[in-house]
Each structure stands twice: as structure tokens, then as C-alpha cells.
Amino acid sequence: MKGQREVYIKQLTAGYPGKPGIIRQLTTRPLQPGMITALAGPNAAGKSTLLKSITGLIPAHGEIIMDQKNILAFPVLKRAKLISYMPQYLPFDISLSVVESLVASLKASPLDQISTKLPEVKKRAFDLLEEMDIMHLATEPINNLSGGQRQLVSLAQAIIREPEILLLDEPTSALDLHYQVAVMKWVKQYARRGKIILIVLHDINMALRWADEAILLHNGKVYRHDKPGAVFTKEAIREVYHVDADIESTGSGHLQVIVKDQPFD
Ligand SMILES: Nc1ncnc2c1ncn2[C@@H]1O[C@H](COP(=O)(O)OP(=O)(O)O)[C@@H](O)[C@H]1O
Ligand SMILES: [Mg+2]
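Below you will find a few notes about this structure. (Residues numbered from 1 in each chain as written. Chains lettered and ligands numbered in written order. Predicted model: local features only at pLDDT ≥ 70, side-chain atom pairs only at ≥ 80, totals over all residues. Heavy atoms only, no water.)

This paragraph deals with the packing of helix α3 (residues 98-108) against helix α5 (residues 147-159). Put simply, α3 and α5 touch, their axes get as near as 9 Å, and they point 25 degrees apart. Considering their axes alone, α3 and α5 lie roughly parallel with respect to each other. For the crossing formed where α3 meets α5, the hand is right-handed. Here α3 contributes V98, S101, L102 and S105 to the contact with α5, which in turn contributes V153, A156 and Q157. (Axes fitted to C-alpha atoms, helices over the stretch in contact; angles between N-to-C directions. Helix = DSSP H or I, 4+ residues; strand = E, 2+ residues; numbered from the N terminus. Parallel < 35°, antiparallel > 145°, perpendicular 65-115°, else oblique. Left-handed = near helix turned anticlockwise from the far one by under 90°. Contact = heavy atoms within 4.5 Å.)

Structural data, given as C-alpha cells:
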């Protein structure tokens, strides 16, 4: 699976009107199919901006190469077939039911291999809800859902089209422990089907527990891109987050960040 489907981000620059260089000349190591890459960094480091620029929501300069082609130059629909994006802030005021919203997501940019006949599309939506253990939400209007339930539905909307590249912006921030684990297991399974996953996780321990690789962003640049254990060192945490911490191994062999008593404690 290596080689062909890797994604290279090269010299990417993106920002907003009046704030052009939020991401500046950013280059990563190749993002590998089958792997979860965590994107971490302090507030306002540019994590969401990076995802938005990859998905095409904001303009960007530079290159994102897959199969020797620059995704940034793809027309909107072609890019939407390849990439799905789950935003950090979910839109409010959606009167559709959960299953209707999934059908709408599928029909918005139908994939070649997926029929657009309504019964088949509906079956696919119900199958996914079943798989994600949220069938009980199927007929609820999205407006009535809790923050965590909305987050699960938003994830379902992102994955129903089975994108090659899945971008998730803090998908577990509103979830209880059960669904945090369920979502991360699900994302891992999805990755293992040869998909490329870039996931913003602001909880470093989640990144250490679940990610295969991590990118630590600092001031719009890659501070370090490596295996999570090599990225989240005490030195990196001190320099980037200004916090003194120890990195310890848990009983099950995972690394964990333990914040030390701070002077004001
Ligand atoms: N729509 C926007 N317009 C202008 N500036 C923005 C917008 N969204 C984010 N920014 C700015 O870009 C910087 C990076 O934001 P963001 O990418 O959301 O950070 P992160 O996701 O790492 O917390 C921040 O300084 C933020 O104020
Ligand atoms: Mg963000």
C-alpha cells in the first residue's frame, strides 16, 4: 500500500483576508495510507486552518500531492469525492432528521460506485448508523441532539462517502468516554482499510494512545512530525505549551503525559 497513495503537503501557505500567513510554507512528511496522523498544537496554532485549506474551504498556495497530482488544483467536486472533512464547530439549526442528513450528504456528491437510488442510499445510511451504534438517533431532528450526539452524526456525515482522505477536527471533544473510545476504534478500523486520516486531537494523551504518527504545529509551522512518542517529549511540551510535564509509560505500555505541579499550585 505504500508509495502511490501517500499524500505530501509541500510548502503550503494559507490564511484569511487580512491574515494571510496563518499557515506558512508548511511541509510534512508523507501521510501514509492505513495510518492515523494526529495534528496537535496549542490554541490558534493553525490546526483548523490547515484542515480547511486541505479541504478547499479556504484558498491555499503550495502543493498537496497524491498520485503525482496536485489536489489543490482539482475542481471542487473532484476534491469533494476524495476528501471528507468534519469541522470543529458544527452548524446549528438543521431541521433534517439524522438519516435525512446522511442521505443529503451522499447525494450532494455521489460517488461513481455508489448508486443514488433512494432505497439504496437509505440502506447505506441505516447500516452506518448501526455500525456506529447510534441507530436510536435515526429519526431525531438534528436540532434536538446534544453536542456529543451531533458530533457523532457529523462524523457519520463525513464518512458515509468513504473518502480516501478523512480530515477530522477534534471529533471527540464533546464525547463521553464510551463514545470517545468507540469513535477512535472506528477511525482506526477505517484507517486500516488503506485510508489517510488526519485528525486534530487537542488531548495529547489521546494522540499518544491512538495515533500512528503525530504532527505538532507551532506558530503555523511543523514543530515536529514523527511517531507520537518522539513528538510529545517533555522538551517539546515545555517549549510549545509552556508546561512542565513528565512522560510516563502506563501498565499497558502506552505513553502518557503527566503535568507536574506548577509553581502556583
Ligand atoms: N475565519 C477566520 N478569519 C480570520 N482569522 C481566523 C479565522 N479562523 C481562524 N482565524 C485565526 O487563525 C489563527 C489560527 O486559528 P485556527 O486554525 O482555528 O487554530 P487552532 O485550530 O489551531 O486552534 C487564529 O489566530 C485565529 O484567530
Ligand atoms: Mg481548531
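In this section: the side chain of H225. Note that H225 resides in strand β10 (residues 221-226). Take H225: its relative accessible area is 9%, and that puts it in the buried class. At 3.0 Å, the side chain of H225 forms a polar contact with the backbone nitrogen of R29. Of the polar contacts made by the side chain of H225, one reaches the side chain of E213; its length is 3.1 Å. Beyond its immediate stretch of four places on either side in the chain, H225 contacts T28, R29, P30, L31, T37, E213, A214, I215 and V231. (Buried < 20%, exposed > 50% of the residue type's maximum accessible area, 1.4 Å probe, protein only. Polar contact = N/O pair within 3.5 Å; in protein donor to acceptor, adjacent residues only side chain to side chain.)

A few words now on the sheet that holds strand β3 (residues 36-40). Read across the open sheet, the six strands follow the order β6-β7-β8-β3-β9-β10; overall the sheet is mixed. At either margin of the open sheet sits one strand with a lone partner, and together these are β6 (83-86) and β10. Each neighbouring strand pair of the sheet contributes to a mean axis angle of 15 degrees, computed without reference to strand direction. Two elements, β3 and strand β9 (residues 213-218), share four bridges in a ladder whose sense is parallel. (Pairing = 2+ DSSP bridges.)

Now for the nonpolar core. With 54 residues, the main nonpolar core has M132, I197 and F232 as its most contacted residues. If you tally residues by element for this core, the top one is helix α6 (residues 177-191), at seven residues. Not counting residues within four places of it along the chain, the set of residues in contact with I197 comprises M35, I36, T37, L166, V187, Y190 and A191. Within the second largest apolar cluster, 28 residues are counted, among which are I9, L39, F74 and I165. (Core = buried A, V, L, I, M, F, W, Y, C linked by side-chain atoms within 4.5 Å.)

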